[in-house]
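Architecture and fold: a report
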Amino acid sequence: MLFRSMAAPQVAGAATLFRSIHTTATALETKAVLLATTEDISQKNLSAPYNTRNAYGVGFLRDDNLAAMAQGQGVLLSDTLTKAVPSKGFPLNVVKGKAYAAVVTWHRHNLAGNAWSNLALAAKVGAITLHSSDTPRNLYEKVVFLAPATGTVTLEVSSSTLEVDPLPIALAAFEVPAPYMPGAIAAFGQGCPGTGQANGVTAVLPRAYATKFGETRTSVVLGYYPHRSQDRKSVV
């Protein structure tokens, strides 16, 4: 089996797992949860012709996340958009530095015609947009973002056209692994003269010790967590 032939039974099985736990979930809610809980694999598919969403979809299934949402974690809701109220905002509680995915889904209702409902999804903090998605002739939108601060992010669903009035929608949001972001190193000051050296790099510290160069240490040198180091010339 390749591509859709392999994906279809796996997605069907994941949907069945979700619905076996959350027995009252609608088809729209199930689709939203499936898309919101996938893990991003875009950075593992950088070579053409495998470097587009048509090739790798929205990631690989995470049945553990599906089960967590089925048991009440994250946000899952149904609502409607109308011509009188074409946009709505939904609050999502977030923790600084954590990554979140949100998905809005809707159905096409008149398959005999050419009309589509065109919806957009944006994650906002006040007037600042963290991430937005607005693709034409689609039946879902997905955003992934890092929370800039602990508090509330507004998930704004808006419509430019509606095929039916009212249009039922489902919205799902869940904490996910942080998306890939290119790393960088920047110097920000001079180190102390006479700082000891170990192969040119010394005092490698976790971020928690960023301002505590005296009487602090860590056994995890150059480990998993973000680090900064101090040598005789600069701190990076």
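All of the points below concern the structure found in this document.

Conventions used here
Residues numbered from 1 in each chain as written. Predicted model: local features only at pLDDT ≥ 70, side-chain atom pairs only at ≥ 80, totals over all residues. Heavy atoms only, no water. Helix = DSSP H or I, 4+ residues; strand = E, 2+ residues; numbered from the N terminus. Buried < 20%, exposed > 50% of the residue type's maximum accessible area, 1.4 Å probe, protein only. Contact = heavy atoms within 4.5 Å. Areas by Shrake-Rupley, 256 points an atom, 1.4 Å probe, with all protein chains shown as cover. Salt bridge = Lys/Arg side-chain N within 4 Å of Asp/Glu carboxyl O. Pairing = 2+ DSSP bridges. Axes fitted to C-alpha atoms, helices over the stretch in contact; angles between N-to-C directions.

1. Some words on the overall build of the protein
Along the protein, the regular secondary structure elements total four helices and ten strands. Secondary structure of the protein in N-to-C order comes out as α-α-α-α-β-β-β-β-β-β-β-β-β-β. The proportion of buried residues among the 236 residues of the protein is 33%. A separation threshold of at least 6 residues defines the contact pool for the protein, and within that pool the share at least 24 residues apart is 69%. Split by element, the accessible area of the protein, about 14100 Å² in all, is 56% carbon and sulfur.

2. Here we look at helix α4 (residues 63-70)
α4 sits mainly inside the fold: six of its eight residues count as buried. For α4, the set of buried residues is Asn-65, Leu-66, Ala-67, Ala-68, Met-69 and Ala-70. Of the residues flanking the end of α4, it is Gly-72, one or two places downstream, whose phi is positive at about 110°.

3. A look at helix α2 (residues 27-36)
One full turn of an α-helix is made of 3.6 residues, so residues set three or four places apart face in the same direction. Most of α2 sits out of view: eight of its ten residues are buried. For α2, the set of buried residues is Leu-28, Glu-29, Thr-30, Ala-32, Val-33, Leu-34, Leu-35 and Ala-36.

4. Description of the pattern of salt bridges
Enumeration over the complete set of coordinates arrives at five salt bridges. Close ionic contact of Glu-175 with Lys-98 constitutes a salt bridge, the shortest N to O distance being 4.0 Å. Of this pair, Glu-175 sits in strand β8 (residues 167-176) while Lys-98 sits in the loop between β2 (87-94) and β3 (99-106); the two residues are 77 residues apart in sequence, bridging distant segments of the chain. Note that Lys-124 is salt-bridged to Glu-156, the shortest N-O span being 3.2 Å. With a gap of 32 residues between them, Lys-124 in strand β4 (residues 118-125) and Glu-156 in strand β7 (residues 151-161) connect regions that are remote in the sequence. By relative accessible area, Lys-124 is classed as partly exposed at 22%.

5. Looking at the sheet that holds β2
One open sheet accounts for four strands, arranged β2-β7-β4-β5; its pairing is antiparallel. Pairing within the sheet leaves two strands with one partner each, and these edge strands are β2 and β5 (128-133). With strand direction ignored, the average angle separating the axes of adjacent strands in the sheet is 25°. In this sheet, β7 lies alongside β4 in antiparallel orientation, the contact comprising seven bridges. Directly across from Lys-124, in β7, lies its bridge partner Thr-154.

6. Things to note about the pairing of β7
In this sheet, β7 lies alongside β2 in antiparallel orientation, the contact comprising eight bridges. Each residue of the ladder has a partner; that of Lys-88, found in β7, is Val-157.

7. A look at the sheet that holds β8
Strands sit in the order β1-β8-β3-β6 across an open sheet of four strands; the sheet is antiparallel. Edge strands, defined here as strands with exactly one partner in the open sheet, are β1 (75-81) and β6 (140-146). Strand-to-strand twist across the sheet, computed as the mean angle between neighbouring axes with direction ignored, equals 20°. Pairing geometry for β3 and β6, over seven bridges, is antiparallel.

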